[in-house]
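The residues making up each chain are set out below.
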Amino acid sequence: MARNIPHSRTGKRTVIVPGFDPQTQPIVPLSDILLPLDSAAIQLDFIRSAFSSPIDWQVEPVFTESFQADSLDLIDIVQAAVFVPLVQRPEGLHLLFTRRASHLYDHAGQICFPGGRIETSDRDAVDAALRETREEIGVAPEYIQLLGTQPGFLTSTRFTMKPVIGYVRPGFTIRPDLTEVAEVFEVPLSFLMDPSHHFLHRANLPDGGHRFYFSMPWKDYFIWGATAALIRNLYHFLSAAQARLENRVVDS
């Protein structure tokens, strides 16, 4: 799946900055101070409820324009979908990630969600995300309970990523396609839904411009770019759902 990386533009051609290392780019301070989600807001029942009715919420302000991909009439793009898999463990919910194989031509070693481009044979983004999940990590659709979708994200490499959120039921087996996936691993949702673990970077470009991206380092894994932006947006969504519940309690 495409990542959000610094680039220069010459006409319609995207030119990747050679030798770019996302881990060494400077961190810039965020203008707002956000709190971790309450433990109740990162439980499966709460998340299922949050997706079951409309919520008034705002996307990550750093990427407001990028998260308008669903409403824009875009050309010269590749439409793609990713599955954001929630897995229940004794200590709480986790998110499942893949690390792309190091021999791949595009985005080797990148940490991402299962997913890829939407093919003409796919009915929609959900169908594409489920198909890619089966192909990449071997999890069949019958083990997946769909919860909802999030706004599509336009990456700097001209992909639109449509996040499909779902719960992976117990009993599933991971069978990664080793031609694409080097590793499948999980990160506690409690870690990812704590904004103190979210870092904003500014990368300067050769043409004098710059680009921002988030990172969420966990152990030896550096989660960044478009994948981190989707996680950050999920935080904003669940935070708004939590605030709505708190307001209901106060009003009652």
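Since we're looking at a predicted model, the values are computed, not measured. (Residues numbered from 1 in each chain as written. Predicted model: local features only at pLDDT ≥ 70, side-chain atom pairs only at ≥ 80, totals over all residues. Heavy atoms only, no water.)

Overview of helix 2 (residues 125-137)
Between the first and last C-alpha of helix 2 there are 18 Å, a value that for 13 residues agrees with the 18 Å anticipated at 1.5 Å per step. Burial analysis of helix 2 places 10 of its 13 residues in the buried class, the great majority of the element. Tucked into the core, helix 2 has its buried residues touching strand 4 (78-89), strand 5 (92-100), strand 7 (115-117), strand 8 (144-149), strand 10 (159-168) and strand 11 (181-188). Structurally, the start of helix 2 carries an N-cap: the backbone nitrogen of V126 is 3.2 Å from a side-chain oxygen of D124. Downstream of helix 2 by a residue or two, G138 has a phi angle that is positive, lying close to 80°. (Helix = DSSP H or I, 4+ residues; strand = E, 2+ residues; numbered from the N terminus. Expected span 1.5 Å × (residues − 1). Buried < 20%, exposed > 50% of the residue type's maximum accessible area, 1.4 Å probe, protein only. Contact = heavy atoms within 4.5 Å. Polar contact = N/O pair within 3.5 Å; in protein donor to acceptor, adjacent residues only side chain to side chain.)

Quick look at the nonpolar core
Core analysis: the biggest nonpolar cluster contains 49 residues, and F97, L192, M193, I223 and L238 have the highest contact counts within it. The biggest single contributor to this core is helix 4 (residues 225-251), with 11 residues. Excluding residues within four positions of it along the chain, L238 makes contact with L37, A41, F46, I47, A50 and M193. Core analysis: the next-biggest nonpolar cluster, separate from the first, contains 14 residues, A81, V87, A129 and F172 among them. (Core = buried A, V, L, I, M, F, W, Y, C linked by side-chain atoms within 4.5 Å.)

Side note on the packing of aromatic side chains
Summed over the entire model, instances satisfying the criterion amount to 10 aromatic pairs. Between F97 and F185 the ring centres are 5.6 Å apart and the planes differ by 20°, which places this aromatic pair in the stacked class. Taken as a pair, F97 in strand 5 and F185 in strand 11 lie far apart in primary sequence, 88 residues in all. Overall, F97 belongs to the buried group, its relative accessible area being 0%. Ring centres of Y213 and W224 lie 5.0 Å apart, and the angle between their planes is 70°; this geometry places the pair in the edge-to-face category. Placement of Y213 in strand 13 (residues 210-218) and of W224 in strand 14 (residues 221-224) is noted, with a sequence separation of 11 residues between them. W224 matches Y213 in its accessibility class, with the two residues each being buried. (Phe/Tyr/Trp six-rings, centres within 6.5 Å; stacked < 30°, edge-to-face > 60°.)

Observations regarding the confidence of the model for the chain
Counting all residues, the mean pLDDT for the chain is 88, and 87% of those residues have values of 70 or more. Confidence over residues 1-16 falls short of pLDDT 50; this stretch has 64 contacts with residues more than four positions distant or in other chains. (pLDDT = per-residue confidence, 0-100.)

A closer look at the sheet that holds strand 13
Pairing between sheet strands relies on hydrogen bonds along the backbone, with the strands arranged either parallel or antiparallel. With antiparallel pairing, 4 strands are arranged side by side in an open sheet as 3-12-13-14. Two strands close off the open sheet at either side, each with one partner strand: strand 3 (27-28) and strand 14. In the sheet, strand 3 pairs with strand 12 (residues 199-204) via 2 bridges, with the strands oriented antiparallel. Across the sheet, the residue bridging to V28 is L200, located in strand 12. (Pairing = 2+ DSSP bridges.)

A word on the pairing of strand 4
Side chains on a regular strand alternate between the two faces of the sheet. Taken together, the 10 bridges between strand 4 and strand 10 define a ladder with parallel strand orientation. Counterpart to P85 in the pairing with strand 10 is G166. Of the pairings in the sheet, the one linking strand 4 to strand 7 comprises 3 bridges and is antiparallel in character. Within strand 7, the position partnered with A81 by the bridge is G116. Across 4 bridges, strand 4 lies against strand 5 in antiparallel orientation. Directly across from R89, in strand 5, lies its bridge partner G92.

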